[in-house]
Amino acid sequence: MNLIVAVDENWAIGCRGNLLVRIPADHKMFRQETLGKVVVLGRKTMDTFPGGLPLAGRTNIVLSANPDYRVKDAVVVHSVEELLEELKKYADENIYVIGGESVYRQLLPYCDTAHVTKIDRAYEADAWFPDLDADEAWEITAESDEMCYFDTTYHFLKYVRKAQATQ
């Protein structure tokens, strides 16, 4: 399973329910990576989408503890166990966890690839992603050249979970 996230230099991902910054090339990469695939997200992330509607051209699976929560044109599950059962219908490489903070934390142990846009700046934030650089289980396997959007520099990084020794 994959995850896709944009983080600042402190691994922050959001502030007051919003992204830290909007970078067109990051959005384009997100679209290219997830179009036609399965995206897994939490209710709060769904609420930030235009009209609170699912992303077009993707299978949207929303994880919400609220048993009454419904979203038109999305699959809603109410526990990680229920989510994992639902995800058995799809190829692992076609599943992308897209946030927010609690969903990333719950599903990180099930992911083996992380597509990270690393922004070379610190923002005011109240939501964070786990620091993969400090986690020995992950290694960078691909890195783009430095890119700029106005005065903001960033890189696209691909982290892969290291193979476990004997299992």
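The structure under discussion appears in the preceding block.
Description of the structure in this document. (Residues numbered from 1 in each chain as written. Predicted model: local features only at pLDDT ≥ 70, side-chain atom pairs only at ≥ 80, totals over all residues. Heavy atoms only, no water.)

A few points about the overall build of the chain
Working step 1: In terms of regular secondary structure, the chain is built from 4 helices and 12 strands.
Working step 2: At 16 Å, the chain has a C-alpha radius of gyration in line with the 15 Å of a compact globule built from 167 residues.
Working step 3: In terms of its C-alpha atoms, the chain occupies a principal-axis envelope of roughly 45 × 45 × 30 Å.
Working step 4: Within the chain, the proportion of its 167 residues that are buried is 43%.
Working step 5: Long-range pairs, those at least 24 residues apart, make up 62% of the contacts in the chain with a sequence separation of at least 6.
Working step 6: Approximately 9,200 Å² of the chain is accessible, and the part contributed by carbon and sulfur atoms is 50%.
Working step 7: Charge separation in the chain, taken as the distance between the mean sites of 18 positive and 27 negative side-chain charges, equals 6 Å. (Helix = DSSP H or I, 4+ residues; strand = E, 2+ residues; numbered from the N terminus. Rg over C-alpha atoms; globule rule 2.2 N^0.38 Å. Buried < 20%, exposed > 50% of the residue type's maximum accessible area, 1.4 Å probe, protein only. Contact = heavy atoms within 4.5 Å. Areas by Shrake-Rupley, 256 points an atom, 1.4 Å probe, with all protein chains shown as cover. Lys, Arg positive; Asp, Glu negative; His and termini not counted. Charge placed at Lys NZ, Arg CZ, Asp CG, Glu CD.)

Here's the deal with the sheet that holds strand β3 (residues 18-19)
Picture the strands of a sheet paired through backbone hydrogen bonds; they go either parallel or antiparallel.
Working step 1: Spatial ordering of the open sheet is given by β3-β2-β9, a layout of 3 strands whose pairing is antiparallel. Each of the sheet's edge strands pairs with one partner strand only, and the pair in question is β3 and β9 (127-128). (Pairing = 2+ DSSP bridges.)

Some thoughts on the packing of aromatic side chains
Working step 1: This model, assessed by the stated rule, comprises 5 aromatic pairs.
Working step 2: Ring geometry for Tyr-149 and Phe-150: centres 4.8 Å apart, planes at 70°, overall edge-to-face.
Working step 3: With centroids separated by 5.7 Å and ring planes inclined at 65°, the aromatic side chains of Tyr-154 and Phe-156 adopt a geometry described as edge-to-face.
Working step 4: Given a relative accessible area of 3%, Tyr-154 falls into the buried group.
Working step 5: Classification of Phe-156 as buried rests on a relative accessible area of 18%.
Working step 6: Taken together, Trp-11, Tyr-104, Phe-129 and Tyr-159 form an aromatic cluster joined through their ring pairs. (Phe/Tyr/Trp six-rings, centres within 6.5 Å; stacked < 30°, edge-to-face > 60°.)

A few points about the nonpolar core
Nonpolar side chains tend to gather and get buried jointly when the protein is soluble and globular.
Working step 1: Leu-3, Val-40, Val-97, Val-116, Phe-129 and Leu-132 are the most contacted members of the largest nonpolar core, which totals 29 residues.
Working step 2: Discounting chain neighbours no more than four positions away, the residues touching Val-40 are Ile-61, Leu-83, Leu-87, Ile-95, Tyr-96, Val-97, Ile-98, Gly-99 and Leu-107.
Working step 3: Formed by 18 residues, the second largest nonpolar core is a distinct cluster that contains Phe-49, Val-71, Tyr-96 and Phe-156. (Core = buried A, V, L, I, M, F, W, Y, C linked by side-chain atoms within 4.5 Å.)

What to know about the pairing of strand β1 (residues 2-7)
Working step 1: With respect to burial, β1 is a largely interior element, 5 of its 6 residues being buried.
Working step 2: In the sheet, β1 pairs with strand β7 (residues 95-99) via 2 bridges, with the strands oriented parallel. Counted as the bridge partner of Asn-2 is Tyr-96 from β7.
Working step 3: Taken together, the 6 bridges between β1 and strand β8 (residues 113-119) define a ladder with parallel strand orientation. Across the sheet, Ala-6 pairs through a bridge with Thr-117, a residue of β8.

Details of helix α3 (residues 80-87)
Working step 1: The complete set of buried residues in α3 reads Val-80, Leu-83, Glu-86 and Leu-87. With its buried residues spanning 120° around the axis, α3 presents them on a single face.
Working step 2: Elements in contact with the buried residues of α3: β4 (38-42), β5 (59-63), β6 (75-77), β7 and α4 (101-107). (Arc of directions from axis to C-beta.)

With respect to unusual backbone geometry
Working step 1: Across the junction of Gly-99 and Gly-100, the peptide omega takes the value 0°, indicating a cis bond.
Working step 2: As for its placement among the helices and strands, Gly-100 is situated in the loop between β7 and α4.
Working step 3: For Trp-11, which is not a glycine, the phi torsion comes out positive at approximately 65°.
Working step 4: Note on placement: Trp-11 falls in the loop between β1 and β2 (12-15).
Working step 5: On the basis of relative accessible area, Trp-11 is assigned to the buried category, the value being 3%.
Working step 6: Even without glycine at this site, Arg-16 takes up a positive phi of about 50°.
Working step 7: Residue position: Arg-16 is located in the loop between β2 and β3.

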